[in-house]
Amino acid sequence: MAVSHIHFQSIPVEDQTRAVDFYTSNLGFDVHTDAPYGDDWRWIFLTLPGAQTRLHFASKSEMQINDTPALCLVCDDVDDEAKSLAGNGVDITNGPDDAPWQPGVRWLMIRDSEGNLGLLESMKEA
């Protein structure tokens with residue numbers, strides 16, 4: 001058996017509408033699925049253009065929360081993203097900076113609308 005890709009990554013949220021707005025407005029995700037799920041919850045998947053892996057919003061109360069990134073994303077230029085995100089009022093918790101764990105990588109940590117920590121990385125051009 002060979003695994004081809006991750007189907008989805010769950011992100012803990014309290015307010016699905018607020019989370020959809022954050023990820024579509026600030027990080028370029030598109031809504032793939034938004035359907036009723038139970039009495040007061042929705043089954044929501046977001047995608048990035050060209051990616052197979054989806055982002056799924058799970059109930060925050062059902063997931064264990066800690067202070068490690070809930071999601072790690074790659075972008076073209078972390079420094080440009082930092083300026084854009086800061087301009088949109090996104091909470092930048094650390095960076096942008098050179099990554100001590102890998103030469104040539106720039107990184108940035110943010111908090112999303114639900115308090116989750118996110119990591120954005122980009123490779124510096126040689």
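Everything numeric here is computed off the predicted structure, so don't read it as measured data. (Residues numbered from 1 in each chain as written. Predicted model: local features only at pLDDT ≥ 70, side-chain atom pairs only at ≥ 80, totals over all residues. Heavy atoms only, no water.)

### What to know about the sheet that holds strand 2 (residues 30-37)
At step 1: A sheet is described by the order of its strands in space; here four strands give the open sequence 1-4-3-2, paired in mixed fashion. Unpaired on one side and paired on the other, strand 1 (8-13) and strand 2 mark the two borders of the sheet. Here the average twist between neighbouring strands, direction ignored, is 25°.
At step 2: As paired strands, strand 1 and strand 4 (residues 54-59) are joined by six bridges and run parallel to one another. Paired with I11 across the two strands is F57, which belongs to strand 4.
At step 3: Along the sheet, helix 1 (residues 16-27) contacts strand 1, strand 2, strand 3 (41-47) and strand 4; its crossing angle with strand 3, the most-contacted strand, is approximately 10°. (Pairing = 2+ DSSP bridges. Helix = DSSP H or I, 4+ residues; strand = E, 2+ residues; numbered from the N terminus. Axes fitted to C-alpha atoms, helices over the stretch in contact; angles between N-to-C directions. Contact = heavy atoms within 4.5 Å.)

### Remarks on empty space enclosed by the protein
At step 1: The final tally for this structure, using the stated rule, is one cavity of 30 Å³ or more.
At step 2: Taken as a whole, the largest cavity spans an internal volume of roughly 70 Å³.
At step 3: Around the largest cavity sit Y23, L27, A70, L71, L73, I110, D112, N116, L117, G118 and L120, which together line it.
At step 4: Within the residue set of the lining of the largest cavity, elements represented by two or more residues are helix 1, strand 5 (71-74) and strand 8 (117-123). (1 Å grid on protein atoms, 1.4 Å probe; cavity = no way out; pocket = protein on both sides within 12 Å on 5 of 7 lines; lining within 4 Å. Points joined across faces, edges and corners; volume = space filled by probe spheres on them.)

### Comments concerning the sheet that holds strand 5
At step 1: The mixed open sheet is built from four strands, whose spatial order is 5-8-7-6. If you trace the sheet from one side to the other, it starts and ends with strand 5 and strand 6 (91-98), each paired once. Across the sheet, the mean angle separating the axes of adjacent strands is 15° when strand polarity is ignored.
At step 2: In this sheet, strand 7 (residues 105-111) lies alongside strand 6 in antiparallel orientation, the contact comprising five bridges. The residue bridging N94 from the neighbouring strand is M109, located in strand 7.
At step 3: Helix-sheet contacts for helix 1 involve strand 5, strand 7 and strand 8, and the interaxial angle to strand 7 is about 150°.

### Points about the packing of aromatic side chains
At step 1: Inspection of every chain in the model, using the stated rule, returns seven aromatic pairs.
At step 2: Both rings, one in F8 and one in F45, keep their centres 5.3 Å apart while their planes meet at 65°; by these two values the pair is edge-to-face. With F8 in strand 1 and F45 in strand 3, this pair connects stretches of sequence that are 37 residues apart.
At step 3: The class of F45 is buried, set by a relative accessible area of 5%.
At step 4: Ring pairing ties together the aromatic residues F8, Y37, W43 and F45, which thus form one cluster.
At step 5: Note that R54 overlies the ring of F45, its terminal NZ or CZ placed 5.8 Å from the centroid. (Phe/Tyr/Trp six-rings, centres within 6.5 Å; stacked < 30°, edge-to-face > 60°. Buried < 20%, exposed > 50% of the residue type's maximum accessible area, 1.4 Å probe, protein only. Lys NZ or Arg CZ within 6 Å of the ring centre and 35° of its normal.)

### Re helix 2 (residues 78-87)
At step 1: Burial in helix 2 covers these residues: V78, A82 and L85. Along helix 2, the residues classed as buried sweep out an arc of 75° about the axis, all on the same side. Every exposed residue of helix 2 that faces more than 90 degrees away from the buried side is listed here: K83 and G87.
At step 2: Capping of helix 2 at its N-terminal end is provided by D77; its side-chain oxygen lies 2.9 Å from the backbone amide nitrogen of D79.
At step 3: At the exit of helix 2 stands G89, carrying a positive phi of roughly 80°. (Arc of directions from axis to C-beta. Polar contact = N/O pair within 3.5 Å; in protein donor to acceptor, adjacent residues only side chain to side chain.)

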